[in-house]
Amino acid sequence: MAPKKRPETQKTSEIVLRPRNKRSRSPRELEPEAKKLCAKGSGPSRRGDSDCLWAGLAGPQILPPCRSIVRTLHQHKLGRASWPSVQQIGAGGSITGLKFNPLNTNQFYASSMEGTTRLQDFKGNILRVFASSDTINIWFCSLDVSTSSRMVVTGDNVGNVILLNMDGKELWNLRMHKKKVTHVALNPCCDWFLATASVDQTVKIWDLRQVRGKASFLYSLPHRHPVNAACFSPDGARLLTTDQKSEIRVYSASQWDCPLGLIPHPHRHFQHLTPIKAAWHPRYNLIVVGRYPDPNFKSCTPYELRTIDVFDGNSGKMMCQLYDPESSGISSLNEFNPMGDTLASAMGYHILIWSQEEARTRK
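Per an unreviewed UniProt entry, the recorded name for the protein chain is DNA damage-binding protein 2, and the organism is Colobus angolensis palliatus. The Sequence similarities (unreviewed entry) field of the UniProt record for the protein chain holds the comment "Belongs to the WD repeat DDB2/WDR76 family." Its UniProt record gives the protein chain a comment under Pathway (unreviewed entry), which states: "Protein modification; protein ubiquitination."

What follows is the structure in structure tokens.
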């Protein structure tokens, strides 16, 4: 059955705006934003939809761009005590995937363009290399980890996916896609379920207990454009996919091969932009994603802001938009803390921290 496309979502009038320092703003800077806010009839004093977790949220904290994220967050929350920073690996060694080790908070798993997927600590010590390409033409683009099943899975730029155990033993290495594997995700409730996303315009779902070859997938979910991400919801019952153009999809475990809903949304991709990926809220049925205004997008309006958009996961309705005039770049990655009351947004060299607690103190 062909997927049924929902009508294009109309943007809400609610924009959560952080006031900017007037001394640093020129009239030329103010004009587009003023026109935008005037057109939307919104302002920082408006109350949001009562169903929205982030309604009425005040502005984020802007963290210094030139320092370690870990150190800056530690100092912001806990004071000026010393904290180890992540050692740089130099040009060409971009981190493409990162997972903190749940069994040791001083360690993390990382895949990178230098051609390895590894476990290391914050001092730069490499504790174990799980996969190495040994060539500059192949690098790793994604990874996920299951501590309960003691598995590491990683995907590379030519379509291979490798499954290993925690001791570094390779269980299998298969070419599961025709092109780069942009995202791999293990189901949080049934970690033998694996979702893989690729620029070959497909998302595939696998049962790790039954993988025998590239054709042994359970479902193949075709998309109109290359796919940046495919991630399971916290309860494992749904799958959220983000393409490289203007579509977010929600699939349900009851019918993996047909999307439950389609959310039109501008987040087009280009070479020098970190791929935009939609993410789930850990406790509520909400989806968060960065907006990259596109003049060719049907509902695009003049002076559209680069907001962080929050959608209802069932209806696809936009609940609110977050915006900070001090850091008006494109938010590519957004991640909630486990309780869901704080959102970290990666925006170029900045990390924005949006907190309900902070919002209450500003009112």
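> What is the right way to read the sheet that holds strand β9 (residues 160–165) from this model?
Sheet strands line up and pair through hydrogen bonds in the backbone, either parallel or antiparallel. Pairing is antiparallel in the open sheet, where four strands are placed in the order β7-β8-β9-β10. Lying at the two open borders of the sheet, with one neighbouring strand each, are β7 (140–146) and β10 (170–175). When the angles between neighbouring strand axes are averaged without regard to direction, this sheet yields 15 degrees.

> How do you make sense of the side chain of His223 when you look at a structure like this?
The residue His223 is located in the loop between β14 (219–222) and β15 (227–232) in this model. At 3.0 Å, the side chain of His223 and the backbone oxygen of Leu221 are in polar contact. A polar contact of 2.9 Å, which involves the side chain of His223, links it to the side chain of Thr241.

> Please clarify how a positive patch on the surface should be interpreted in this entry.
A cluster of basic residues, Arg175, Lys178, Lys179 and Lys214, forms a positive patch at the surface. Checked against the element boundaries, Lys214 lands in the loop between β13 (202–207) and β14. Taking the relative accessible area as the measure of exposure, Lys214 reaches 60% and is therefore exposed.

> What's the story with the sheet that holds strand β17 (residues 247–252) in this structure? I'm lost.
Pairing is antiparallel across the open sheet formed by four strands, whose spatial order is β15-β16-β17-β18. Both outer strands of the open sheet, β15 and β18 (255–264), are each paired with one neighbouring strand and no more. Strand after strand, the sheet turns through a mean of 20 degrees between neighbouring axes, direction not considered. Relative to β17, strand β16 (residues 238–243) runs antiparallel, the two sharing five bridges. Within the sheet, the bridge partner assigned to Arg238 lies in β17 and is Ser252.

Procedures and definitions
Residues numbered from 1 in each chain as written. Predicted model: local features only at pLDDT ≥ 70, side-chain atom pairs only at ≥ 80, totals over all residues. Heavy atoms only, no water. UniProt positions renumbered as here; feature names shortened; annotations may be inferred. Pairing = 2+ DSSP bridges. Helix = DSSP H or I, 4+ residues; strand = E, 2+ residues; numbered from the N terminus. Axes fitted to C-alpha atoms, helices over the stretch in contact; angles between N-to-C directions. Polar contact = N/O pair within 3.5 Å; in protein donor to acceptor, adjacent residues only side chain to side chain. Patch = residues over 30% accessible without salt bridge, like charges linked within 9 Å, V, L, I, M, F, W, Y side chains within 5 Å. Areas by Shrake-Rupley, 256 points an atom, 1.4 Å probe, with all protein chains shown as cover. Salt bridge = Lys/Arg side-chain N within 4 Å of Asp/Glu carboxyl O. Lys, Arg positive; Asp, Glu negative; His and termini not counted. Charge placed at Lys NZ, Arg CZ, Asp CG, Glu CD. Buried < 20%, exposed > 50% of the residue type's maximum accessible area, 1.4 Å probe, protein only.

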